[in-house]
Each structure stands twice: as C-alpha cells, then as structure tokens.
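Structure assessment
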Amino acid sequence: MFLEFFAKFSLILLIFLLPLEARWIFDQADLKGAPFEYGTGALYFTDTLLFISAILTILWKWRSNANEELRIRNQGFLWIYILIAGFGLMALAGVGQAEDRKIAVYAIMRLWEGLVLWWVVKNSPLKPQWAIAAFCFSAVLQAVWGMEQFFFQIVPANIWLGEAFHSALILGDSVLQTADGRFLRAYGTLPHPNILGGLLTAAILLLCGFIASNTEKRFKIQDLRFKIIAWGSLVLLIFGLFFTFSRSGWLAAGIGILFGVLWTAFAGRLKSVMGIIFTVIICVAVLILIFPEAFLRFSVQNRLEEMSVSERVREYDDAQIIVRENSFVGIGLNQYVKELQNIYPSFPAWKIHPIHNIYLLIISELGIIGLLVFIIIIAWHLSFLNKHSLPLLIWSGAAAIGLLMIGLFDHYLWSLHFGLLLFWLIFGIFYRLAVGSSQKGP
C-alpha cells in the first residue's frame, strides 16, 4: 500500500516539477569563449525525482508481478522494448565515432532519461488521467507566470526555479520587434519561449481530451467546480501560448486541435468537442484584437523574422553537407554543433547551434538507420488510434502529433534536457491510454 502510494506520488511530483530548470552544473562547456549549453554536463533536480520514481516503480512492479492489470498492460511490450532499447543502444554505440566523446556521453544520458521516463509512465501504478492532470496544472502555472513576464517585460533570475535574467533591453533575448519597440516574449521557467510554447501546446491538447472525455458516461464529472477549473485552465493555457509568440507552438496547437476535432468526429463524438471549438475561436479572436502586432511573427518584412527565416534556410544547406558525408551511421550524438564549427570556423558562438529540425538532426547524428528506428517507434505508437478510440486517447495522440510538428521547426525536443523528457512523457502517456488499462477511470 505505502509502496504504491509513494510510486504514484513521486511520478506526480516529477511531472508537476518537470519545467523547473534548477540544476547543478558540474562541467560548464565552452565554445569560443562563450557558454556551450549543448555540451554542458549538469544534474537537474528532476533527474533525482526520476531516479526515485523509477526505483519505486521497479519495486512496486516486482511486488505486483501477478497483478492482472499489469499483465494486460504489458501485452506486446517486448516488441516496443526492443525498439526503444535498441534506439538508445544505437546512440550509445555512436560514441565511438564522436569527435567530442564527453559531450556525446552527456547527450546519451539525457536521451536515456527520456526513455526511462517513458518506461516509468508505462509501468507506474499511477493512472494516466492523474499524470495528465499534474501536467496540465503545472502548465497552467507556467502560462500565468509567462503572461506576468510579458506584461512586466522582465524575467527575474531565480536559482531555485532555474531561471536566467531576461529583458527586452538585452540583445539576444527573445523579443517581438514592432514599430512601437521590442516586446519580451513569455519564457515561464524555461530557457526559451519556443520551449514554453511546446509545453503549453501539449497541455492544451491533453486538457481538451479531459474536457471531451467528460461527455463519456464512464468519465463524466458533474461537479461544477471541475467544469470551471477545466474551462478556465484551457483559456489560461491558450492565452499563455499566445504570449510566447512561438510560431511552431501556434502551428502545432492548431494542427493538433484540427486533428483532435476531425478524429473525434470520425469516431462519432463531434458533439463532445463543440465547446472546445467555440472556446478556441473566441480566445484567438480576443487575443488578436488585444495585440494584433502578433501577426508580425509571420511578416517577412520584419527584420528579426527575416533573419530567422534566412538562418533556417542556411541550416538546411549545412545539414545536407553533414548528412551526405555521414549518411549511414551519422556523426555521433550531440556532435552536430562541433561539425558545424568545423565547416564555419569563423562563425561566432551565438550563430552555431543545432538545426531547427529534429529529424534532420537525428539523421545527421545517428544516420539513416537511427532515423528509421525512430520513425518506426513513432508509427507504432500512433497505430493504436482507430475509429473506436476514446476522446482522451484521441487528444493525447493529438498532443503527440503536435510535438512531432514542432520537431519540423525546432530542435529542443532532441537537443535539450527538458525537451527530451517532454517528448517521451507525452508518448508514454499516449501508450498507457492506448493499451486500455486506464479506461476504468482515475
């Protein structure tokens, strides 16, 4: 009893505190005299929680080995275990050809943490509804904190939250440039507004699943407080996402909502999402009326946006060079920036970073085989969607698809600690819902 409680509580706490970037840096990497985030060795506070949660889950699973629910949940587990473990081992094997083996090891540790989180979510006694609730509650706090940062135009440094100081007056910080000046974008406690945008996108789509599921008899909650909290949280998440001014987040949320609505209609449950459609339309209309300057994020006439687009075009040319030279096995995990430095030795440090596309990044670092295994893992997860899927499964699939869409335009889901954990957390939740063991309610 106590073991099960602590296994559940540790995972809830881990998911809730996941956005906190508090860490102990034991090896600060350097690139041309500037801090090199992608090669830095650090122990995050959430790493400790993940370790504790994994140990408690292992102990609980061992004690509950004869449990029928576990047996049902683990049907077909060997196939996906082989795929995911093989993917992690493939990355580990890439250390041999890495130019900088130390930072390759740091990246492998981050990747394996994500894979372990997927395993914990899959095997934990915690029902996925509670995992989603903890995730959405945490995201709502991040949305509120991000909006406060936008309105006050400052992000105060906080060592316990892992926040660095940001201001619209500091060159290099993420801002929206308008005719009226520079506006600091919402960061939350995360290192970049686009990352906050990815978090809020996933939370919006998962919360839509909760709301849509409330129309099902087995899930229906008549409590007025639940409805106020759920709908109020959805509005806050949408507003928070808006003030990140993250184009990838906006696009992913839009495509995820469209997917969720269409698949729900395909499953014969369109009525359950009419309120979601209405709420999203009203919120977007109000936000555009309040801050129409947001459209500048799509203007190629804006200086900052023009620079962003031209830089991404160059990145694709660079990726072609790297992939052609190492197409089969890749250059090794976390070596993309090092390879880029060899191609452009005169580039300043701020201009050297991974390509904003996780698929090209994976094929560059792990080769064609690595990308193929990754795609098979994703396809295997999404294959659980069918006409008879319940709303919560459909919308968790929409959250997974939203992250895959973000992967076309950003790299943090592969290159950064929080991004990897976010990615594998969402797919772990999706798998738990897919196997059907959670459909008995929270």
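About the criteria used
- Residues numbered from 1 in each chain as written.
- Predicted model: local features only at pLDDT ≥ 70, side-chain atom pairs only at ≥ 80, totals over all residues.
- Heavy atoms only, no water.
- Helix = DSSP H or I, 4+ residues; strand = E, 2+ residues; numbered from the N terminus.
- Rg over C-alpha atoms; globule rule 2.2 N^0.38 Å.
- Contact = heavy atoms within 4.5 Å.
- Lys, Arg positive; Asp, Glu negative; His and termini not counted.
- Charge placed at Lys NZ, Arg CZ, Asp CG, Glu CD.
- Expected span 1.5 Å × (residues − 1).
- Buried < 20%, exposed > 50% of the residue type's maximum accessible area, 1.4 Å probe, protein only.
- pLDDT = per-residue confidence, 0-100.
- Salt bridge = Lys/Arg side-chain N within 4 Å of Asp/Glu carboxyl O.
- Patch = residues over 30% accessible without salt bridge, like charges linked within 9 Å, V, L, I, M, F, W, Y side chains within 5 Å.
- Areas by Shrake-Rupley, 256 points an atom, 1.4 Å probe, with all protein chains shown as cover.
- Phe/Tyr/Trp six-rings, centres within 6.5 Å; stacked < 30°, edge-to-face > 60°.
- Axes fitted to C-alpha atoms, helices over the stretch in contact; angles between N-to-C directions.
- Parallel < 35°, antiparallel > 145°, perpendicular 65-115°, else oblique.
- Left-handed = near helix turned anticlockwise from the far one by under 90°.
- Nonpolar A, V, L, I, M, F, W, Y, C, P; charged D, E, K, R; others polar.
- Core = buried A, V, L, I, M, F, W, Y, C linked by side-chain atoms within 4.5 Å.

We now examine the overall build of the chain. Broken down by element type, the chain carries 16 helices and 8 strands. In summary, the chain has a C-alpha radius of gyration of 21 Å against a globular reference of 22 Å for 442 residues, a match within 12%. With respect to the principal axes defined by its C-alpha atoms, the chain has extents near 60 × 55 × 40 Å. When contacts within the chain are restricted to residue pairs at least 6 apart in sequence, those whose partners lie at least 24 apart make up 76%. For the chain, the distance from the average position of its 32 positive side-chain charges to the average position of its 28 negative side-chain charges is 12 Å.

In this model helix 7 (residues 193–213) runs 30 Å from its N-terminal to its C-terminal C-alpha over 21 residues, within 8% of the 30 Å that 1.5 Å per residue would give. Counting buried residues along helix 7, 21 of its 21 residues qualify, which places the element largely inside the surrounding structure.

Turning to the confidence of the model for the chain, a few remarks are in order. Scored by pLDDT, the chain comes out at a mean of 87, with 90% of its residues at no less than 70. Segment residues 437–442: pLDDT under 50, and 18 contacts once partners within four positions in sequence are set aside and those in other chains are kept.

Enumeration according to the criterion identifies 5 salt bridges in this entry. Residues Lys102 and Asp27 are paired through a salt bridge, measuring 3.0 Å at the closest nitrogen-oxygen approach. Highlighted residues: Lys102 in helix 5 (residues 101–123) and Asp27 in strand 1 (residues 23–27), separated in sequence by 75 residues. For Lys338, the salt bridge identified is with Asp100, shortest N-O distance 3.8 Å. Of the two residues, Lys338 is situated in helix 12 (residues 336–343) and Asp100 in the loop between helix 4 (77–93) and helix 5; the sequence distance between them amounts to 238 residues. Each member of the pair, Lys338 together with Asp100, is buried.

A cluster of nonpolar side chains, contributed by Phe51, Ile52, Ile55, Ile58 and Leu59, occupies part of the molecular surface with about 450 Å² of accessible area. By secondary structure assignment, the location of Ile58 is in helix 2 (residues 45–63).

All told, the structure shown has 33 aromatic pairs when counted by the stated rule. Relative to Phe291, the ring of Phe245 lies with its centre 5.5 Å away and its plane at 45 degrees, an arrangement referred to as tilted. Pair noted here: Phe245 is in the loop between helix 8 (224–242) and helix 9 (247–266) and Phe291 is in the loop between helix 10 (274–290) and helix 11 (303–325), with a separation of 46 residues, a long-range link. Members of the aromatic cluster, joined through ring pairs, are Phe150, Phe151, Phe183, Phe242, Phe243, Phe245, Trp250 and Phe291.

Viewed as axis vectors pointing N to C, helix 6 (residues 128–152) and helix 7 meet at an angle of 135 degrees, and their least axial separation amounts to 9 Å. For the element pair helix 6 / helix 7, the angle class is oblique. In terms of crossing hand, the pair formed by helix 6 and helix 7 is left-handed. Contact with helix 6, carried on its side by Gln129, Ile132, Ala133, Phe135, Cys136, Ala139, Gln142 and Ala143, involves Leu196, Leu199, Leu200, Ala202, Ala203, Leu206, Leu207 and Phe210 of helix 7 and no other residues of that element. Class assignment of the residues belonging to the contact of helix 6 with helix 7 gives a composition of 14 nonpolar, 2 polar and no charged.

Bringing the nonpolar core into the picture now. Grouped together as the largest cluster of nonpolar side chains are 136 residues, with contacts concentrated most on Phe135, Trp395 and Trp414. In this view, Trp395 contacts Leu205, Cys208, Gly209, Ala212, Gly256, Ile257, Gly260, Val261, Thr264, Val273 and Ile276; residues no more than four positions away in its chain are not counted. One finds Val155, Val175, Leu184 and Tyr187 within the second-largest nonpolar core, a separate group that totals 5 residues.

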